[in-house]
Each structure stands twice: as C-alpha cells, then as structure tokens.
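Single-letter residue listing:
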Amino acid sequence: MTTTPPTSGVDLFADEVVLDPYPVYAELRERGPVVHLPENDVYALTRYDVVRDALADWESYSSDSIAFNPSANEALAGTSLASDPPTHTRLRATLTENLSPRALRGLGPRIEAKADALVAELVGRGSFDAVDALARAFPLEVVADLIGFTGHARDNMLRWGQAAMQVLGPMNRRTAENFPVAGELYAWCSQVRAEDLAEGSVGRGIFDAEARGAVEPGTAGHIIHQYLGAGVDTTVAAIGNIVALFAAHPDQLDLVRADPSLVPAAFNEVLRFWPPVNAWGRRATRDVEIEGTVVPAGAQIAVLFGAGNRDPRHYENPDAFLVARNPVDHLSFGYGPHGCAGQGLARLEAHAVIAALSRRVGRIVVGPETRVPGNITRSIEVLPVLEVTSA
C-alpha cells in the first residue's frame, strides 16, 4: 500500500537553516527518504540512494524547474541547465567541448603555478582573509582568463555569479534583491560579441563555433552565461571550505602533506562534508513512488545534496572529516545527465590549491568564520587567517 510522504514544518530557506543545515538534514533523513515541506511547497529528497536515483532519472524528475520560483525558471528556459534530453544533450555538448579533460590538459600547469605563487605570497604575508585573498581571487582570475572576460564583465564577475545562484531560491527578500544584478548578467550575455572577449579564449572559441554553424545562431551568449552563472560562486565556496576545514582539522592537512597522492581524495571529502550547493530543484513529471510513498505529478522537488552526503546508510561515520575516505561517489557535483559540466575545471583549481597548501603551509590558525545566508550556495563570507607558518 502506498501513502503520502511524511511532512515537516521546516523552512529550508530560513536564515538559520541555510547557515547550518546539518541538524535539519539529520531530522529530515530520519523522517523519511522524501519529506513534504508545506512551508516551501516542496518535496525534499533526503537520503543518498534516493537523491542519486532522482538525479539519474530525468524522465521522472525534469530539470525545467531547477529554481524555486517561476521567474527564474522562465529566464533559464532553453539553457542546458534547465532542459532535459534530447535538447539538453545537444546544448551540453557545446558547453562541455572546452571543459573536457583533453581540452583542460594544457591548463593544468598554469593553474598549478598560479595557485603555488598565490599561496606562497599569502604565507609570506602571515595573515590575510582567506576568502578575499584566495577563495575569490584565484578562481575569478582563472575563469576570467579562460572565458576571456575583460573590463566591465571582469569587474562584475563575482557580483553576477553570486546573484545568478541567489535568484534560484524561492521568491524571498534575497531573491528579490538579486534579480536586478542577475538581470545585468543576462543583459550583458545577450549583447556580448566575439570582440568583447580576449583572443584565444574559450569564450571567443564559442563565437567561432557559432560562426561555423556548430552552435545555433544567437546561443553563444547563453553558453557563456552558464560558465559564469554556475561555475564561479560554487568554486569560491569550495576553496573557502578547503581552508576552513584544514584549519579546523590540521591532522588531515598533515596526511596530505605526508602523501600528496591524497590531494584528489581530500577535495572529494571537502565536497562531501560541505557541499557548496544546499538545494537544487527538479519537477516530478508523473506520480513517483519512493519507498512506498507517492510524490504527486507536478510537485516541486528539492534535492538536498548535503543530506545525502551525510547519510549514515551510505557513509560510515559521516559527520567526521576524513581525507583518506576518498568519497568518489559524493553527490556535490550532481549525477547523471546533469552532472556538473565544469567539474574538471573545479577539480583542477581545487587540487592546485590543496597541493599548494600542503606543500607551503605548516600550520594555519583562523579566527571565527562569518557566513551570510544564501538561498542556494552555502559559503563563507569572511575567514580571517590569524597566523600561518610555512611547512
């Protein structure tokens, strides 16, 4: 016999929940694999297997409703992020052409050298804000160079990237405040021309593809929007988390220093432990049965990556940060057809930062971190490094 899912009065987007969602995730996981949240009018997926299965099943869980408000979904219609196969397959092929391991191979040494030089400079400085000086500065420079942003666009990348994620939330104050800023990004992307982007950049290459008919006319700007909209804010969050977690767990940094082959494993564990994205939307295309309960057709789904990543049914001792765990199957890059298109670049950047920290840093002491509530991205706003010793 099938029943309706259990209900909870939790507001997923309340300030105190987005700042520290893990107690709520634990409570929701115990209620059931899917929990109805009337406050947000969503059905939240809470356990590892259910989240992973939903991400793989695009026929039952459509990406035409990745945001939690209709205006953002309307603005994203027709993009690779917010479409399903076969449209998604075609759009994504263009997006990922420049993000494949082969395409990125030549970037590795440059990114590693940049990370090493920046970390060496910061260690020499002795104290700094890890978010401003590293978590923001490094990926912004990498992405700006990759896509070929110059001038006005380069100056506004951080604002635009943050706003593009905030407006995916429900129609709350944060969403309303960020729509005008996200609108600046949409406007710029709709008017950008090849000559606005640096020669030899990936962005210029997308316009070249459009000119030779490999990309549909008028879509180059949409593709560039996704590089910036989906890739900047999340990478900034991940790098801030790397510094905070290694400061809180110096024994784990010691392990990476002793065995540099643990660098990829360390990043996987950072992503599992603190995913940059709290919630992501899907729409049920039909009545979906989940472990004996039914989610009705048309329901807005909230995919909770962090709840799945801390599911004790899947990970032993999930609330411990252990780099040797190497959770290669974490959910933070998504899964299935919509698995993060930019994960290769994100890994290059994060691995370079972790390797540089393990090589250059002996001990890192941080002050209290400051977080600002965010609808979708969970990140540290300020992380003062009070003292750092060289390795």
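Note that the coordinates shown come from a computational prediction; the quantities given were computed from them, not determined experimentally. (Residues numbered from 1 in each chain as written. Predicted model: local features only at pLDDT ≥ 70, side-chain atom pairs only at ≥ 80, totals over all residues. Heavy atoms only, no water.)

Undergrad: What's the story with the overall build of the protein in this structure? I'm lost.
TA: For the protein, the helix and strand inventory stands at 16 helices and twelve strands. In terms of overall dimensions, the protein is globule-like: its C-alpha atoms have a radius of gyration of 20 Å, near the 21 Å expected for 391 residues. Expressed along its principal axes, the backbone C-alpha trace of the protein runs to roughly 65 × 50 × 35 Å. Split into buried and exposed, the 391 residues of the protein put 57% on the buried side. If you take every contact in the protein between residues at least 6 apart in sequence, the share linking residues at least 24 apart comes to 71%. Treating the 33 positive side-chain charges of the protein as one cloud and the 48 negative ones as another, the clouds have centres 4 Å apart. (Helix = DSSP H or I, 4+ residues; strand = E, 2+ residues; numbered from the N terminus. Rg over C-alpha atoms; globule rule 2.2 N^0.38 Å. Buried < 20%, exposed > 50% of the residue type's maximum accessible area, 1.4 Å probe, protein only. Contact = heavy atoms within 4.5 Å. Lys, Arg positive; Asp, Glu negative; His and termini not counted. Charge placed at Lys NZ, Arg CZ, Asp CG, Glu CD.)

Undergrad: Please clarify how the pattern of salt bridges should be interpreted in this entry.
TA: Note on pairing: side chains with opposite charge can pair once their charged atoms come close. Scanning the entire structure with this criterion turns up 24 salt bridges. Between Arg 283 and Asp 64 there is a salt bridge, and its shortest N-O distance comes to 2.8 Å. Here Arg 283 is found in strand β5 (residues 279-284), whereas its partner Asp 64 is found in the loop between β3 (61-62) and α4 (70-76), with 219 residues between them in sequence. Note on Arg 283: relative accessible area 27%, which makes it partly exposed. Overall, Asp 64 belongs to the partly exposed group, its relative accessible area being 33%. The salt bridge partner of Glu 121 is Arg 125, with a shortest N-O separation of 2.8 Å. Linking Glu 121 with Arg 125, this pair stays in helix α7 (residues 108-125), spanning four residues, or about one helical turn. Several salt bridges share partner residues, and in doing so they unite Lys 114, Glu 141, Asp 145 and Arg 154 into one network. (Salt bridge = Lys/Arg side-chain N within 4 Å of Asp/Glu carboxyl O.)

Undergrad: Sorry if this is basic, but what is going on with the pairing of β5 here?
TA: Within a regular beta strand, the side chains point alternately toward one face of the sheet and then the other, so they alternate between its two faces. Across the six residues of β5, five count as buried, placing the element largely inside the fold. Relative to β5, β3 is paired through two bridges, and the arrangement is antiparallel. If you follow Ser 62 over to β5, its bridge partner there is Arg 283. Pairing analysis gives five bridges linking β5 to strand β8 (residues 300-304), with the strands arranged antiparallel. By the bridge assignment, Arg 283 is partnered in β8 with Gln 300. (Pairing = 2+ DSSP bridges.)

Undergrad: Which parts of the structure should I look at to understand the packing of aromatic side chains?
TA: Geometrically, a pair of aromatic rings is defined through the distance of the ring centres and the angle of the planes. Applying the stated criterion to the full structure yields nine aromatic pairs. The interplanar angle of 70° and the centroid separation of 6.2 Å between the aromatic rings of Phe 246 and Phe 321 together place this pair among those described as edge-to-face. Separated by 75 residues along the polypeptide, Phe 246 in helix α12 (residues 220-248) and Phe 321 in the loop between α15 (305-309) and α16 (343-360) bring together distant segments of the chain. Considered together, Phe 246 and Phe 321 belong to a single accessibility category, that of buried residues. (Phe/Tyr/Trp six-rings, centres within 6.5 Å; stacked < 30°, edge-to-face > 60°.)

Undergrad: Honestly, the sheet that holds strand β9 (residues 361-366) in this entry has me stumped. Any pointers?
TA: Paired through backbone hydrogen bonds, the strands of a sheet run either parallel or antiparallel to each other. Taken in spatial order, the three strands of this open sheet run β4-β12-β9, and their pairing is antiparallel. Two strands lie at the open edges of the sheet, namely β4 (128-129) and β9, each paired on one side alone. Pairing of β4 with strand β12 (residues 384-390) involves two bridges; the strand directions are antiparallel. Its bridge partner being in β12, Phe 128 is matched across the sheet by Val 385.

Undergrad: Help me understand the side chain of Thr 79 in this model?
TA: Along the polypeptide, Thr 79 turns up in the loop between α4 and α5 (87-96). Beyond its immediate chain neighbours, meaning those up to four positions away, Thr 79 contacts Leu 91 and Gln 226.

Undergrad: Explain the sheet that holds strand β2 (residues 42-45) here, please?
TA: The strand order across the open sheet formed by five strands is β1-β2-β8-β5-β3, and the pairing between neighbours is mixed. Two strands bound the open sheet, and with one partner strand each, they are β1 (34-37) and β3. In this structure, β1 lies alongside β2, joined through four bridges in antiparallel fashion. Each residue of the ladder has a partner; that of His 36, found in β2, is Tyr 43.

Undergrad: Just to check I follow, could you spell out the packing of helix α11 (residues 202-211) against α12 for this structure?
TA: For any two helices packed against each other, one specifies the crossing angle of their axes together with the interaxial distance. Contact geometry of α11 with α12 gives a least axis separation of 9 Å together with a crossing angle of 150°. The angle between the axes of α11 and α12 places the two elements in the roughly antiparallel class. As α11 runs across α12, the sense of the crossing is right-handed. Only Ala 220, Ile 223, Ile 224 and Tyr 227 of α12 make contact with α11, whose side of the interface consists of Val 202, Gly 203, Ile 206, Phe 207 and Glu 210. Tallied by class, the residues present in the contact of α11 with α12 amount to seven nonpolar, one polar and one charged. (Axes fitted to C-alpha atoms, helices over the stretch in contact; angles between N-to-C directions. Parallel < 35°, antiparallel > 145°, perpendicular 65-115°, else oblique. Left-handed = near helix turned anticlockwise from the far one by under 90°. Nonpolar A, V, L, I, M, F, W, Y, C, P; charged D, E, K, R; others polar.)

This is a description of form; function is not addressed.
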